[in-house]
Amino acid sequence: MRWITKRADLMSPIRPGEGPLPIRLGVNVDHVATLRQARGTSYPDPVEAALVAAGAGVDSITIHLREDRRHIQDHDLTRLVSSCPVPVNLELAVTDEMLAIASRAAPRFACLVPERREEITTEGGLDVAKNLADIRDACKELADAGIQVALFIDADPRQLDAALRSGAPLIEIHTGRYCEAHDGEPRLRELDAIRRFAEAAASAGLEVHAGHGLTVHNVAPIAAIPQIVELNIGHSLIARSVFIGLPAAIGEMRRAMTDARTPTEAD
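Here the residue index of a chain counts from 1 through its sequence in written order. Only residues with pLDDT of at least 70 are given local features in this predicted model, and only at 80 or more are side-chain atom pairs given and counted; all residues enter the totals for whole chains, interfaces and linings. Based on all heavy atoms of the structure, the side-chain values leave hydrogens and waters out of the count.

Under an unreviewed UniProt entry, the name given to the chain is Pyridoxine 5'-phosphate synthase, and the organism recorded is Panacagrimonas perspica. UniProt positions are given in the numbering used here, feature names are shortened, and annotations may be inferred rather than shown by experiment. Per UniProt, the chain has the following entry under Catalytic activity (unreviewed entry): "3-amino-2-oxopropyl phosphate + 1-deoxy-D-xylulose 5-phosphate = pyridoxine 5'-phosphate + phosphate + 2 H2O + H(+)".

> Can you help me understand the overall build of the chain in this one?
When helices and strands are counted, the chain shows 11 helices and 8 strands. Burial statistics for the chain: of 267 residues in total, 51% are counted as buried. Contacts are assigned to residue pairs that have any heavy atoms within 4.5 Å of one another. Put simply, of all contacts in the chain between residues at least 6 apart along the chain, 69% involve residues at least 24 apart. All accessible-area figures derive from a Shrake-Rupley calculation using a 1.4 Å probe, and residue coverage is judged against the displayed protein chains alone. Accessible surface computed for the chain: about 12,500 Å², of which carbon and sulfur atoms make up 52%. In DSSP terms, a helix is any run of H or I states spanning at least four residues, a strand is any run of E spanning at least two, and both are numbered starting from the N terminus. Accessibility here uses a 1.4 Å probe with only protein chains present; expressed as a share of the type maximum, an area under 20% marks a residue as buried, one over 50% as exposed, and anything in between as partly exposed.

> I would appreciate a short explanation of the pattern of salt bridges in the present structure.
One side chain can pair with another of opposite charge once the charged atoms of both are near each other. Within this document, salt bridges are pairs made up of a side-chain nitrogen of Lys or Arg and a carboxyl oxygen of Asp or Glu, the two lying within 4 Å of each other. Tallied over the entire structure, the rule returns 15 salt bridges. Put simply, arginine 187 and aspartate 183 hold a salt bridge, and the shortest N to O gap is 3.1 Å. Each of Arg36, Asp45, Asp76 and Arg79 takes part in a single network of salt bridges with overlapping partners.

> How do you make sense of the pairing of strand 2 (residues 60–64) when you look at a structure like this?
A regular strand places its side chains so that they alternate between the two faces of the sheet. Burial analysis of strand 2 places 5 of its 5 residues in the buried class, which makes it a mostly covered element. The side-chain alternation of strand 2 yields two buried faces, one formed by Ser60, Thr62 and His64 and the other by Ile61 and Ile63. Both strand 2 and strand 3 (residues 88–92) contribute to a ladder of 4 bridges, which runs parallel. Bridge assignment links threonine 62 to a residue of strand 3, and that residue is asparagine 89. DSSP-based pairing: two strands are paired if at least 2 bridges between them are found.

> Help me understand the layout of surface pockets in this model?
Once rolled over the atoms, a probe with the size of a water molecule shows which space is left empty. Both site types are read off a 1 Å grid over the protein atoms alone. A 1.4 Å probe that fits but cannot get out defines a cavity, while an open set with protein on both sides within 12 Å along at least five of seven lines defines a pocket; lining residues have an atom within 4 Å of a point. Grid points are joined across faces, edges and corners, and a volume is the space filled by probe spheres set on the points. The space that makes up the second largest pocket amounts to roughly 320 Å³. Elements with a minimum of two residues in the lining of the second largest pocket: helix 1 (30–39), helix 2 (46–55) and helix 10 (235–244). Among the elements that line the lining of the second largest pocket, the one with the most residues is helix 10, at 5 residues.

> How should the UniProt feature "binding site: 3-amino-2-oxopropyl phosphate" (unreviewed entry) in the chain be read in this particular structure?
Following the UniProt record, the feature "binding site: 3-amino-2-oxopropyl phosphate" (unreviewed entry) maps to Asn28, Arg39, Gly213, Gly234 and His235 here. None of the other annotated residues line the second largest pocket; only His235 do. One can find asparagine 28 in strand 1 (residues 24–28). Using a relative accessible area of 11% as the deciding quantity, one classes asparagine 28 as buried. If near-sequence neighbours (up to four positions away) are discounted, asparagine 28 is found in contact with Thr62, Glu91, Ile233, Gly234 and Ile238. Within the secondary structure, arginine 39 is located in helix 1.

> Could you clarify how one ought to interpret a negative patch on the surface in this entry?
Here, patches come from residues exposed beyond 30% relative accessible area and free of salt bridges, joined within 9 Å for like charges and within 5 Å for nonpolar side chains (Val, Leu, Ile, Met, Phe, Trp, Tyr). Neither His nor the chain termini are counted; the positive set is Lys and Arg, and the negative set is Asp and Glu. To locate a charge, take NZ of a lysine, CZ of an arginine, CG of an aspartate or CD of a glutamate. A surface patch of negative charge is lined by Asp96, Asp134, Asp137 and Glu141. Counting residues per element, the negative patch draws most heavily on helix 5 (residues 132–144), at 3 residues. Examined against the element boundaries, aspartate 134 turns out to sit in helix 5.

> Just to check I follow, could you spell out a nonpolar patch on the surface for this structure?
A cluster of nonpolar side chains, contributed by Val242, Phe243 and Ile244, occupies part of the molecular surface with about 340 Å² of accessible area. Note that valine 242 resides in helix 10. Among the residues examined, valine 242 registers a relative accessible area of 63% and is labelled exposed.

> Whenever I open this one, empty space enclosed by the protein confuses me. Can you help?
Scanning all chains against the criterion turns up 1 cavity of 30 Å³ or more. Estimates place the volume of the largest cavity at around 70 Å³. Ser60, Asn89, Phe109, Ala150, Leu170, Glu172, His209, Glu230 and Asn232 together form the lining of the largest cavity. Of the residues contributing to the lining of the largest cavity, the split by class is 3 nonpolar, 4 polar and 2 charged. Any residue that is not Ala, Val, Leu, Ile, Met, Phe, Trp, Tyr, Cys, Pro, Asp, Glu, Lys or Arg is counted as polar, Gly included; the first ten are nonpolar and the last four charged.

> Would you mind going over the sheet that holds strand 2 with me for this structure?
Adjacent strands of a sheet pair through backbone hydrogen bonds, lying either parallel or antiparallel. Taking strand neighbours around the barrel as the criterion, the 8 strands line up as 1-2-3-4-5-6-7-8 in a closed arrangement whose pairing is parallel. Sheet twist, expressed as the mean angle between neighbouring strand axes with direction ignored, is 25°. In the sheet, strand 1 pairs with strand 2 via 3 bridges, with the strands oriented parallel. Bridge pairing links valine 27 to isoleucine 61 in strand 2. In this description, a line fitted to the C-alpha atoms serves as the axis of each element, helices being fitted only across the stretch in contact, and the angle between N-to-C directions of two axes falls anywhere from 0 to 180 degrees. Set on the sheet, helix 8 (residues 185–203) makes contact with strand 5 (148–153), strand 6 (170–174), strand 7 (207–211) and strand 8 (228–233); between it and strand 6 the angle comes to about 175°.

> Explain helix 2 to me, please; I cannot follow it from the model alone.
Owing to its 3.6 residues per turn, the α-helix aligns residues three or four sequence positions apart on the same side. Every buried residue of helix 2 is listed here: Pro46, Val47, Ala49, Ala50, Ala53 and Ala54. Buried residues of helix 2, seen end-on, are gathered within an arc of 155° and therefore sit on one face of the element. Of the exposed residues in helix 2, the ones pointing more than 90 degrees away from its buried face are Glu48 and Gly55. Residues of helix 2 that are buried in the fold lie against helix 1, strand 2, helix 3 (74–83) and helix 11 (246–261). N or O atoms closer than or at 3.5 Å make up a polar contact, with two conditions inside protein: a donor-capable atom paired with an acceptor-capable one, and, for residues adjacent in sequence, both atoms drawn from side chains. N-capping of helix 2 is provided by aspartate 45, with a side-chain oxygen placed 3.0 Å from the backbone N of valine 47. Of the residues flanking the end of helix 2, it is glycine 57, one or two places downstream, whose phi is positive at about 100°. Here the arc refers to the set of directions running from the helix axis out to each C-beta atom.

Below, the structure written as structure tokens:
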């Protein structure tokens, strides 16, 4: 595969001897809202869940305001931005409506994602290469509103080339195929592609995040990639919290990530 050359106007990549950057945990609370919407009640409140997660030490909160409003609602975004003590990351489709909502709400971060009404969850990365003009305009509109923009993309060199031309300073690598791959050679191939992609993106000057489908059981190899500085995790944490509570579920995930990042004596 062809990898792009370094983009000189962004941050410097990790250099040999510096060691990995600390890894952050962002928690997606969409599926607290999924449970609320199933009965049309006012509870459970995803904003309350976000505040609990922040109290448990997470680094950011993610929500995805979908066009069909299947879980997160507009008022959730408004309340979250005004009350959350940690940065809010809004996932959104590249549409005029969503860009206008994001610009008004002004969360710290926005992540541009693909969206189809019939999908259960996001099924792949954004095709930046195919839609570069629209995505470049979206990045500028959000940046003008003071929002840092990330692009949710697959580990594909074409998408990295396009991401660098888009003006977005951040990317989030779609880890869904890694998570869905069978153990053994298929998963190792997906992991290697993610690792190489993260190295290339960081060398080009982008800040690298990752997420989708990660659980406490499969997160370690992704968390161990030194160029990835943030993981965004939602469904598995909310599901686990049903049994042990959200702070405990966050603690489990944080330990798994930290253990993967901590060098052993053998290293």
